[in-house]
Amino acid sequence: MTEFLENEEVVEEPTMVTMEDALDSVREIHSGDIVKGDVLAFDENDQVRVSIQESGGLEGVVPRNELSATPFENVTDIVNIGDEIELVVIKPIKDKENGNFLLSKKKIESKKIWEELQAKFDNGEIIEAPVKSVVKGGLVVDTGVRGFVPASMVEEHFVDDFTPYVGKTLKYKIVEIEPSENRLILSHKEIAQEEAAAKRAERLAELKEGDIIEGTVARLVNFGAFIDLDGVDGLVHISRIAHEHVNKPSDHLTPGEVVNVKILSINEEEGRVSLSIKDTLEGPWDNIEEKAPEGSVLDGIVKRLTSFGAFVEVFPGVEGLVHISQIAHEHIATPAEKLTEGEEIKVKVLSVNPEEHRLSLSIKALEEKPAELEAEEQTKHESTAKESRQRPRREKSQRPRRQSNQATSNEEIESGFTLGDMISGGALEGLSFGEDEE
């Protein structure tokens with residue numbers, strides 16, 4: 001009742017809250033409702049007991065696995081007694097000894113996370129999250145909710161083993177999102193491509209033609225090898241791997257190997273870099289006089305046969321010629337009678353010409369002359385000597401008129417000059433040919 005008194009303040013009597021009003025203020029709780037609760041206590045299983053506000057004294061319990069979407073060690077890392085927290089009602093509890101409702105704080109967080117992810121997807125934003133585990137077909141990512149990165153969307157190149165990715169925080173684009181189905185598909189591939197392109201452009205600007213730098217063999221192909229130059233791939237053509245002929249790049253290089261390369265050319269527009277390994281190596285003919293001095297004996301491989309001899313490789317990229325006359329002591333019609341291509345042999349160095357890149361080699365110089373050939377040559381030598389001794393006696397039996405001519409012939413033999421040389425030089429002046437004797 002309100003009383004009006006002259007010159008007095010108006011005083012209102014307190015309104016009494018009826019039982020009906022109190023019952024009207026109690027909220028009816030259903031599964032899926034979002035409620036606020038006050039933390040009352042923790043039990044031995046790390047469950048959190050809460051008092052649900054506006055419920056008329058009803059209580060609920062939050063299991064440990066429903067406290068947070070992110071990993072934690074202690075319950076107090078998430079909530080403390082007296083905290084007011086927002087919860088979602090999972091379901092009523094039949095056995096009300098631990099409360100009237102089963103509640104979840106994690107699902108509230110998840111809902112907010114899904115809403116944030118949806119907004120980022122709509123705006124085309126990039127997100128960051130750690131890789132939680134590797135599963136068949138890709139990576140599981142922890143964004144607060146479970147995200148999945150298919151294997152084909154991890155990198156711009158094929159990845160054989162995803163184990164090293166576990167624990168790493170990567171950037172992603174959201175490819176697909178469906179909160180009602182807890183579906184979140186992510187891709188790191190686009191990010192990797194953009195980062196690689198930026199790094200490649202920066203690295204290309206640093207490279208200079210003619211420079212010799214280190215690189216890592218990234219992969220081998222039948223026409224050469226791709227070398228990683230810290231973010232930029234360059235190609236070493238198979239003809240530029242070594243000074244000698246290369247059949248397969250794998251005969252000389254292995255993926256992961258660190259090599260020195262020379263930059264031959266750079267095409268920034270196409271992002272191509274042409275490289276050479278052999279231009280960083282000592283030439284095969286460098287210091288050849290020290291490696292193959294005259295008289296030395298070397299191991300070699302018969303590379304090819306010709307009508308006039310055999311070319312033998314004694315060092316990678318260094319071939320010498322064994323002339324057909326130096327293959328065997330006996331006469332042979334063709335080198336193929338004694339040698340075959342690919343055969344391993346020993347040779348002796350007869351001469352070296354580093355300027356013209358020529359080596360003269362011999363096989364027979366390392367072999368003992370057969371006894372029958374030695375005897376045959378000795379017989380031939382003795383026969384020649386005998387003929388030389390007999391020739392003067394035959395000349396004496398000729399007519400005296402021929403003596404002057406014979407004397408001239410003997411002079412040719414002894415002096416080394418021909419009769420024509422002597423006549424033109426006046427050497428016969430004063431000589432008699434026997435005409436006056438007649």
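Looking at an unreviewed UniProt entry, one finds the chain named Ribosomal protein S1, with Falseniella ignava CCUG 37419 as its source organism. The annotation that UniProt attaches to the chain under Sequence similarities (unreviewed entry) is "Belongs to the bacterial ribosomal protein bS1 family." Per UniProt, the comment on the chain under Function (unreviewed entry) is "Binds mRNA; thus facilitating recognition of the initiation point. It is needed to translate mRNA with a short Shine-Dalgarno (SD) purine-rich sequence."

**A short note on helix α3 (residues 189–206)**
Over its 18 residues, α3 extends 26 Å from the first C-alpha to the last, a length consistent with the 26 Å expected when each residue adds 1.5 Å. Looking at α3, one finds that the buried residues are I191, A192, A196, R203 and L204.

**Here's the deal with the pattern of salt bridges**
Evaluation of the coordinates by the stated rule reveals 17 salt bridges. We note a salt bridge from E109 to K105, for which the minimum N-O separation is 2.7 Å. Judged by relative accessible area, K105 falls into the buried class, the value being 14%. Each of E176, E181 and R183 takes part in one network of salt bridges that share partners.

**Remarks on the sheet that holds strand β11 (residues 212–221)**
With mixed pairing, five strands are arranged side by side around a closed barrel as β11-β12-β13-β15-β14. Each strand axis lies, on average, 50 degrees off the axis of its neighbour in the sheet, ignoring direction. As judged from the five bridges shared by strand β12 (residues 224–228) and strand β13 (residues 233–237), these two strands associate in the antiparallel manner. In the strand pairing of β13, A225 is matched with V236.

**Observations concerning the packing of aromatic side chains**
How two aromatic rings sit relative to each other is set out by the distance from centre to centre and by the angle between their planes. All chains considered together, the criterion is met by three aromatic pairs. Measuring from ring centre to ring centre gives 6.3 Å for F223 and F226, while their planes differ by 85 degrees; the resulting arrangement is edge-to-face. Judged by relative accessible area, which is 38%, F223 ranks as partly exposed. You can call F226 buried: its relative accessible area is 18%. A cation sits over an aromatic face here: K168 above Y165, 5.8 Å from the ring centre. Residue placement shows R304 over the ring face of F311; its charged tip is 4.3 Å from the ring centre.

**Concerning the environment of K112**
Structurally, the position occupied by K112 is in helix α2 (residues 106–123). Taking relative accessible area as the criterion, K112 reaches 45% and is therefore assigned partly exposed. Taking the C-alpha atoms as reference, K112 lies 9.7 Å from G144; in sequence the two are 32 residues apart.

**Focus on the sheet that holds strand β16 (residues 297–306)**
Spatially, five strands are ordered β16-β17-β18-β20-β19 in a closed barrel, and the strand pairing comes out mixed. For this sheet, the mean inter-axis angle between neighbouring strands, taken without regard to orientation, is 50 degrees. Where β16 meets strand β17 (residues 309–315), five bridges bridge the pair, whose relative direction is antiparallel. In the sheet register, T306 faces β17, and the bridge partner there is G309.

What counts, and at which threshold
- In this numbering scheme, every chain counts its residues from 1 along its sequence in written order.
- In view of the model being predicted, local features appear only for residues whose pLDDT reaches at least 70, and side-chain atom pairs are presented and counted only at 80 or more, with totals across whole chains, interfaces and linings using the full set of residues.
- Note that the side-chain values use all heavy atoms of the structure and ignore hydrogens as well as water.
- UniProt positions are given in the numbering used here, feature names are shortened, and annotations may be inferred rather than shown by experiment.
- Think of it this way: any DSSP run of H or I at least four residues long counts as a helix, any run of E at least two long counts as a strand, and we number them from the N terminus.
- The span one expects for a helix is its residue count, reduced by one, times 1.5 Å.
- Only protein chains enter the accessibility calculation, which uses a 1.4 Å probe; a residue is then buried when its area is under 20% of its type maximum, exposed when over 50%, and partly exposed in between.
- Here, a salt bridge means any side-chain nitrogen of Lys or Arg that lies within 4 Å of a carboxyl oxygen of Asp or Glu.
- Strand pairing is assigned whenever DSSP identifies at least 2 bridges connecting the two strands.
- With axes taken as lines fitted to C-alpha atoms, and helix axes fitted only over the stretch in contact, angles between N-to-C directions fall between 0 and 180 degrees.
- Pairing of aromatic side chains requires ring centres within 6.5 Å, counting the rings of Phe and Tyr and the six-membered ring of Trp. Pairs whose planes differ by under 30 degrees are stacked, by over 60 edge-to-face, and all others tilted.
- Whether a charge sits over a ring comes down to the Lys NZ or Arg CZ being within 6 Å of the ring centre and within 35 degrees of the ring normal.

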